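Coordinate analysis (summary)
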Amino acid sequence: MELSLKSTVLFLSLLGTGLTAGLCFTWSNAITSGIGRLDNLTFLESFQAMNRAIINPNFLIVFFGPVILLFLNVYLSRNENPAVFWVFFSAAILFFVGIGMVTVFKNVPLNETLDKTILEAMTELELSDLRKSFERPWNRWHWVRTLTSFISFSLLLIRLLFIK
């Protein structure tokens, strides 16, 4: 493969989408299942701390950069083999909806609600209710992010390995 704008965009798309899929998988597989074993206050404090720590430039570039790159792949492949175009289009839409939209409209509002809460001032019953209203929906929407980022990454690999 020659070094060109198309190959550079594809490489960066693969890298960003793969890193995002790995992050989502790790979060689902180890982090949420691990802290899910904690008591209510410790669970909620841990989630608050992780949500605050993860918002940094490195994360934002890796998590949201592929949205731009994937649509750039679509644009750059508009005159290629239709299979290439549709693979890139499917990967871009899945990532945009499954990562971008789900994050912005589902996970972030839950994170913001948790972030604004002064946990130390809550009773055990209030902590339990907050956890119930946060944990299950957050994990459900995160599972969508994990699945769609994995499929988007897989589509890029399929393009790279099988479609010329």
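See above for the structure.
Read on for a plain summary of the structure.

The rules behind the values
Residues numbered from 1 in each chain as written. Predicted model: local features only at pLDDT ≥ 70, side-chain atom pairs only at ≥ 80, totals over all residues. Heavy atoms only, no water. Helix = DSSP H or I, 4+ residues; strand = E, 2+ residues; numbered from the N terminus. Buried < 20%, exposed > 50% of the residue type's maximum accessible area, 1.4 Å probe, protein only. Contact = heavy atoms within 4.5 Å. Axes fitted to C-alpha atoms, helices over the stretch in contact; angles between N-to-C directions. Parallel < 35°, antiparallel > 145°, perpendicular 65-115°, else oblique. Left-handed = near helix turned anticlockwise from the far one by under 90°. Nonpolar A, V, L, I, M, F, W, Y, C, P; charged D, E, K, R; others polar. Phe/Tyr/Trp six-rings, centres within 6.5 Å; stacked < 30°, edge-to-face > 60°. Lys NZ or Arg CZ within 6 Å of the ring centre and 35° of its normal. Patch = residues over 30% accessible without salt bridge, like charges linked within 9 Å, V, L, I, M, F, W, Y side chains within 5 Å. Areas by Shrake-Rupley, 256 points an atom, 1.4 Å probe, with all protein chains shown as cover. Salt bridge = Lys/Arg side-chain N within 4 Å of Asp/Glu carboxyl O.

**Description of the environment of Leu-60**
Tracing the sequence through the fold places Leu-60 in helix α3 (residues 57-76). Linking Leu-60 and Leu-130, residues 70 residues apart in sequence, is a C-alpha distance of 27 Å.

**Brief notes about the side chain of Thr-146**
Relative to the assigned elements, Thr-146 resides in helix α5 (residues 124-162). Looking at Thr-146, the relative accessible area reads 12%, which means it is buried. In contact with Thr-146, other than residues within four places in its own chain, are Cys-24, Phe-25 and Ser-28.

**A word on the packing of helix α2 (residues 40-54) against α5**
In contact at an axis separation of 9 Å, α2 and α5 are set at 50° when each is read in the N-to-C sense. Overall, the two elements α2 and α5 adopt an arrangement that is oblique. Remark: the crossing between α2 and α5 carries left-handed chirality. Along its contact with α2, which presents Asn-40, Leu-41, Phe-43, Leu-44, Phe-47 and Asn-51, the element α5 presents Glu-124, Leu-127, Ser-128, Leu-130, Arg-131, Phe-134, Glu-135 and Trp-138. For the contact of α2 with α5, the class distribution of residues is eight nonpolar, three polar and three charged.

**Considering the packing of aromatic side chains**
Applying the stated criterion across every chain, the model contains 12 aromatic pairs. With a centroid separation of 5.2 Å and an interplanar angle of 90°, the aromatic rings of Phe-63 and Phe-64 are classed as edge-to-face. Its relative accessible area of 26% is what places Phe-64 among the partly exposed residues. Measuring from centroid to centroid gives 5.1 Å for Phe-85 and Trp-86, while their planes differ by 85°, and the two rings are edge-to-face. Through a chain of ring-to-ring contacts, the aromatic side chains of Trp-27, Phe-43, Phe-47, Phe-134 and Trp-138 assemble into a single cluster. Directly above the aromatic system of Tyr-75 lies the positively charged group of Arg-78, at a separation of 3.9 Å from the ring centroid. Lying over the aromatic face of Phe-43, Arg-131 brings its terminal NZ or CZ to 4.1 Å of the ring centre.

**Description of a nonpolar patch on the surface**
There is a patch of nonpolar side chains on the surface, built from Phe-71, Trp-86, Phe-89, Ile-93, Phe-96, Val-97, Met-101, Val-104 and Phe-105 and spanning about 780 Å² of accessible area. In terms of residues, the nonpolar patch owes the most to one element, helix α4 (residues 82-115), which gives eight residues. Among the secondary structure elements, Met-101 is positioned in helix α4.

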